[in-house]
Amino acid sequence: MLYTRLTQIPERSFFLLGVRGVGKSTWSLSMLPEALRLDLLDEVLYTDLLAEPSLFRNIVSGRRRGDWVMIDEVQRIPNLLNEVHRHIEERGVRFALLGSSARKLKTAGTNLLAGRALHKVMYPLTATELGEDFDLDEVLRYGTIPLIWVSDRRREVLESYTHLYLREEIRAEAAVRNLAGFVRFLPIAALMHSQVLNISGIARDAGIARPTAAGYVEILEDTLVATRLPALDAGLRVRERRHPKLFWVDPGLVRALKRRFGPVAREERSALLEGWIYGTLRAHAQSQALYDDIAYWAPAQSQTEVDFVLTRDGEHLAIEVKAARRYHTSMVRGLRAIAGLDGLRRRILVYTGPHAFRTNDGIEVWPLATFHEAIAEDRLWP
């Protein structure tokens, strides 16, 4: 099934990055059917261009001003971006540059077309994109990477996907010298999903050096499967946490790395749901002016926390996520603690219960469906 994605075609050249199987190529082919497509996973084309980069100029020479050229897996030959730059500047050709890793694109000397190409990311399917197909239990169990979601054998595809990641992204880019250490690192890092990142703890449990563990986390970010959420310096006269939290891009990937494929257990739901909300916020932020910055907030030496604080034009919106179906006052402890934040416009608790209401001190309690509707209709900010 082809889902309508949040991503829109820009007027000018753009990078579109995202994990493998997220739908970049399918989306680009449907949105730019007339574009000349160069797939660098085609080994013949890849080796030809690697041996003779000037061949690219001959292939693209017939394109006119305003025409589109799509390059899939552009990170495999970063030096092509010099020729892309020249065709944008001199001939007005537009490029859709698709990739599943930013690692090689970040290397010293790579031409990232500053000011000449937008940078976009495609995320796994959101509730808005899934529409009536959204099912929270299935989403948290298998995730929503389209390659996996549309399969009638989700477990098998999800399991093989993790091996694909190791084979294609890690081995192919020679990003890891000690693959065995990285294999031990992955499930431990998956346990850190939606948790404050403890590099020393991960290194100890994986039996690797701390600098190695820190480098592995960077690889997760470069290959777009995980990201760090910074802590907010709210200035509320309390000592606040400073370390970031780690979020994987998809709940199914988290579970697969931990070798969990059955129904989601109660103890898993909270972290998986929090990660799902974070992914939703990131995906919608590209198509809406949702926030300028996003962070979490928590006083040090305390269990109090606010999962997400969105900042836009100097104002803030605080969101707490709970997997419980029944509301309890303890759920809003963090939202009450952050009430003194200057510029705080709204405090929202998202939970899996059925009832929407407002507490006496102005905290809005939303079922998950209400949150999805509000963000889809761009009503998150008051």
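Each remark here, short or long, concerns the structure printed above.
Residues numbered from 1 in each chain as written. Predicted model: local features only at pLDDT ≥ 70, side-chain atom pairs only at ≥ 80, totals over all residues. Heavy atoms only, no water.

## Re the pattern of salt bridges
Rule in force here: Whenever Lys or Arg places a side-chain nitrogen within 4 Å of a carboxyl oxygen from Asp or Glu, that contact is recorded as a salt bridge. Numbering of helices and strands starts at the N terminus; helices are DSSP runs of H or I of at least 4 residues and strands are runs of E of at least 2. Note on exposure labels: buried denotes an accessible area under 20% of the residue type's maximum, exposed denotes more than 50%, and partly exposed covers the range between, all computed with a 1.4 Å probe on protein chains only.
Going through the model one piece at a time under the given rule, you end up with 25 salt bridges. Between Arg 154 and Glu 138 there is a salt bridge whose closest N-O contact spans 2.6 Å. One end of the pair, Arg 154, is in helix α8 (residues 154-171); the other, Glu 138, is in helix α6 (residues 136-142), with 16 residues separating them in the sequence. Here Glu 138 falls in the partly exposed class, since its relative accessible area comes to 24%. Two residues, Glu 305 and Lys 245, come together in a salt bridge whose shortest N-O distance is 2.8 Å. Of this pair, Glu 305 sits in the loop between β9 (293-297) and β10 (306-312) while Lys 245 sits in strand β8 (residues 245-248), and the two are 60 residues apart along the sequence. A cluster of three or more residues bridged by salt bridges with shared partners is formed by Arg 57, Glu 83, Arg 86 and Glu 90.

## Some thoughts on the side chain of His 316
For the record, the criterion: Under this definition, polar contacts are N or O atom pairs within 3.5 Å; protein pairs additionally need one hydrogen-donor-capable and one acceptor-capable atom, and for neighbouring residues in sequence, both atoms have to be side-chain atoms. When checking whether two residues touch, look at their non-hydrogen atoms; a contact exists if any pair is within 4.5 Å.
With respect to the helices and strands, His 316 occurs in strand β11 (residues 315-321). At 3.4 Å, the side chain of His 316 and the backbone oxygen of Asp 342 are in polar contact. Excluding its chain neighbours within four sequence positions, the residues that come into contact with His 316 are Val 309, Leu 310, Thr 311, Leu 341, Asp 342, Gly 343, Leu 344, Arg 345, Arg 346 and Trp 381.

## Some words on the sheet that holds strand β3 (residues 68-72)
The cut-off we apply is this: Any two strands with at least two DSSP bridges between them are considered paired. Where helices are involved, their axes are fitted lines through C-alpha atoms of the stretch in contact, as for all axes, and angles between N-to-C directions lie from 0 to 180°.
If you trace the five strands from one edge of the open sheet to the other, you get β2-β3-β4-β1-β5, paired in parallel fashion. Bordering the open sheet on either side are β2 (36-39) and β5 (118-121), each of which pairs with just one other strand. The average angle at which neighbouring strand axes cross in this sheet is 15 degrees, direction not considered. In terms of strand pairing, β3 meets strand β4 (residues 94-99) through four bridges, oriented parallel. Within β4, the position partnered with Val 69 by the bridge is Phe 95.

## Here's the deal with the sheet that holds β8
Note on sheets: strands pair through backbone hydrogen bonds, and any given pair is parallel or antiparallel. A sheet is described by the order of its strands in space; here three strands give the open sequence β6-β8-β7, paired in antiparallel fashion. Whereas interior strands pair on both sides, the edge strands pair on one side only; in this sheet they are β6 (195-196) and β7 (226-229). Across two bridges, the pairing between β6 and β8 is antiparallel. Looking across to β8, one finds that Gln 195 is bridged to Leu 246.

The analysis is restricted to geometry; functional conclusions fall outside its scope.
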